[in-house]
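Architecture and fold: a report
Chain residues, written in single-letter form:
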Amino acid sequence: MSRGPAALALVFFLPVALALGAPGAAAGPGQQRDGDRPAFRFRTGVALINVSATVTDRRGRFIADLERDDFRIYDDGALQTISHFSRERVPVSLGIVLDTSGSMEGEKMRAAHAALDRFLYDLLGPDDEVFLYRFSYRPRLVHGWTRDRDRLSRALGGIRPTGGTALYDAVAEAVSLAEEGRHRKKAVVIISDGNDTNSETDPERLRRRLRATDVLVYAIGIDGDAPSRFGRGRRMPAPRQPPVRLPFPVPGGGGRAPLPTPIPFPGARMALGDDGRVNVSALRDLTDDSGGRTEIIRDPRDLEPATAGVADELSRQYFLGYVAPGHGDGRWHSIEVEVSDPRLRVRARRGYVASP
């Protein structure tokens, strides 16, 4: 059986409990809302654990025709009854987090503008809502929640790269805003070409924060000097890192085997130093537990197919739900999603924190 994160396929985290916010829920600072529809709110420890699952074959191609009976979900190793299932495309509340440090000047920023314009106009659905963060020395909300693609495009066009790289600060703020999205599916896409140099946010505290959210996190790293087995202009899958050890007890586990860690291809760098290049390990720490992924590209021109891959994945995911076992202990609980066909691979959120 395929058990563990899948190969390439793309976002943020969705195994948290579902609850509707009050119809009059106010937008956070700097947000903009189109219309006055009530916002969805998700909280852990309610009644339903929600999981978005991406299924691919061994070549990374999406599989979108499976049925409920093809899936099995385990909570701390115990088989759960799937009470909710859907394979239809649903609207997404999406945050874009763009690195605008000085190293992004020139071709990288032009490629980012072009790729994100196509993402906004051609790849997102009409009901999808989006916000835009930029970060250099510090994060800045460029535009809050909106469905107005023209506003976002104009905002992108006015950005000029400068300064350092406060990646962790930007992700922390963006995920908090993404949680307030009105749609059931929430995601954040990070585009960056460098290592964090300016954040005040502690990386381990941020990882714990991310595990407690319902946001899928995706990252696209631009690393023109990275080794590649594909050659110039082709995308390079980021090397897999072992899961980060959690600072609090991890219950369950039973006798089930641990999730496998694929062997990285020869020449891949497991972590990058403080030389300003993309820190692949740090990006994977932000994305993998959520059910999203990190992708590294060598050429800025590959930003367009990389962002298109994210949009395609968000459109082809399965929604699974099961009744929460009622742990209520404030601890991390593992989630494993399997499919009946052993030739297929599944990527989904790895767990959730059960609110007391």
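The structure presented is a predicted model; accordingly, all values stated were derived computationally and were not measured.

What follows is about the overall build of the chain. Broken down by element type, the chain carries six helices and 17 strands. The 356 residues of the chain split such that 54% are buried. Summed over its atoms, the accessible surface of the chain is roughly 14,800 Å², and 48% of this surface lies on carbon and sulfur atoms.

Glancing now at the side chain of S192. Mapped onto the elements, S192 comes out in strand β10 (residues 185–192). A distance of 2.8 Å separates polar atoms of two side chains, one belonging to S192 and the other to D99. Sequence-distant contacts of S192, that is, excluding residues within four places in its chain, are made with D99, F135, I220, G221, I222 and V278.

Moving on to the environment of A306. Relative to the elements of secondary structure, A306 occurs in helix α6 (residues 303–315). Here A306 falls in the buried class, since its relative accessible area comes to 0%. Sequence-wise, A306 and E295 are eleven residues apart; in three dimensions their C-alpha atoms are separated by 7.6 Å.

Moving on: the confidence of the model for the chain. Confidence in the prediction for the chain averages 78 pLDDT; 72% of positions are at 70 or higher. In the model, residues 1–46 has pLDDT below 50 throughout and makes 188 contacts with residues more than four positions away in sequence or in other chains. Contacts for the low-pLDDT stretch residues 226–275, under 50 throughout, to residues beyond four places or in other chains number 103 contacts.

Attention shifts here to the pairing of strand β4 (residues 71–75). Where burial is concerned, most of β4 is hidden: four out of the five residues are buried. Pairing between β4 and strand β15 (residues 332–339): five bridges, direction antiparallel. Note that in β15 the partner of Y74 across the bridge is E336. Both β4 and strand β5 (residues 78–80) contribute to a ladder of three bridges, which runs antiparallel.

The next subject is the nonpolar core. L94, L98, I220 and L303 are the most contacted members of the largest nonpolar core, which totals 32 residues. Only β7 (92–99), α1 (107–123), β8 (129–135), α2 (149–157), β10, β11 (215–222) and α6 provide two or more residues apiece to this core. Beyond its immediate chain neighbours, meaning those up to four positions away, L98 contacts M104, M109, A112, L116, Y133, R134, F135, L156, I159 and I191. Grouped together as the second largest cluster of nonpolar side chains are 26 residues, F135, V171, A174 and V280 included.

An order of β5-β4-β15-β17 is seen for the four strands of this open sheet, with the pairing classed as antiparallel. A single partner strand is all that each edge strand has here, and the edge strands are β5 and β17 (351–353). Between one strand axis and the next, the sheet turns by 30° as a mean value, whatever way the strands run.

Moving on, we come to α2. Three or four residues apart is the spacing at which side chains of an α-helix point the same way, because the helix has 3.6 residues per turn. Within the sequence span of α2, burial applies to R149, L152, S153, A155 and L156. Viewed end-on, α2 has its buried residues packed into an arc of 160°, placing them on one side of the element. Those residues of α2 that are buried lie in contact with β7, α1, β8 and β9 (139–146). Its side-chain oxygen at 3.0 Å from the backbone nitrogen of D150, D148 defines the N-terminal cap of α2.

Turning next to the packing of helix α3 (residues 167–178) against helix α4 (residues 203–211). Contact pair α3 / α4: the axes reach a minimum separation of 10 Å and the direction vectors enclose 20°. It follows that α3 is roughly parallel to α4 by the angle criterion. The way α3 lies across α4 gives a crossing that is left-handed. Contacts between α3 and α4 involve Y168, V171, A172, V175 and S176 from the former and P203, L206, R207, R209 and L210 from the latter. A class-by-class count of the residues in the contact of α3 with α4 yields seven nonpolar, one polar and two charged.

Let's shift gears to the pattern of salt bridges. Counted by the stated rule, this structure contains 22 salt bridges. A salt bridge links R72 to E338, with the shortest nitrogen-to-oxygen separation between them at 3.6 Å. Linking R72 in strand β4 with E338 in strand β15, this pair joins segments that are 266 residues apart in sequence. A relative accessible area of 1% means that E338 is categorised as buried. A salt bridge links D289 to R211; the shortest N-O distance between them is 3.1 Å. A residue pair is termed long-range when its members are at least 10 positions apart, and D289 in the loop between α5 (280–287) and β13 (294–297) and R211 in helix α4 qualify at 78 residues. In terms of burial, D289 and R211 fall into one category: buried.

Next up on the list: the packing of aromatic side chains. Enumeration according to the criterion identifies five aromatic pairs in this entry. Relative to F85, the ring of F71 has its centre 5.9 Å away and its plane inclined at 50°; by these criteria the two rings are tilted. On the criterion of sequence distance, the pair formed by F71 in strand β4 and F85 in strand β6 (residues 84–86) is long-range, its members being 14 residues apart. Each member of the pair F71 and F85 is classed as buried. Here the aromatic residues F71, F85 and Y318 are joined through ring pairs into a cluster of three or more. Above the plane of the ring of F319 lies R184, whose end atom (NZ or CZ) is 3.7 Å from the centre.

Reading the values: rules and limits
- Residues numbered from 1 in each chain as written.
- Predicted model: local features only at pLDDT ≥ 70, side-chain atom pairs only at ≥ 80, totals over all residues.
- Heavy atoms only, no water.
- Helix = DSSP H or I, 4+ residues; strand = E, 2+ residues; numbered from the N terminus.
- Buried < 20%, exposed > 50% of the residue type's maximum accessible area, 1.4 Å probe, protein only.
- Areas by Shrake-Rupley, 256 points an atom, 1.4 Å probe, with all protein chains shown as cover.
- Polar contact = N/O pair within 3.5 Å; in protein donor to acceptor, adjacent residues only side chain to side chain.
- Contact = heavy atoms within 4.5 Å.
- pLDDT = per-residue confidence, 0-100.
- Pairing = 2+ DSSP bridges.
- Core = buried A, V, L, I, M, F, W, Y, C linked by side-chain atoms within 4.5 Å.
- Axes fitted to C-alpha atoms, helices over the stretch in contact; angles between N-to-C directions.
- Arc of directions from axis to C-beta.
- Parallel < 35°, antiparallel > 145°, perpendicular 65-115°, else oblique.
- Left-handed = near helix turned anticlockwise from the far one by under 90°.
- Nonpolar A, V, L, I, M, F, W, Y, C, P; charged D, E, K, R; others polar.
- Salt bridge = Lys/Arg side-chain N within 4 Å of Asp/Glu carboxyl O.
- Phe/Tyr/Trp six-rings, centres within 6.5 Å; stacked < 30°, edge-to-face > 60°.
- Lys NZ or Arg CZ within 6 Å of the ring centre and 35° of its normal.

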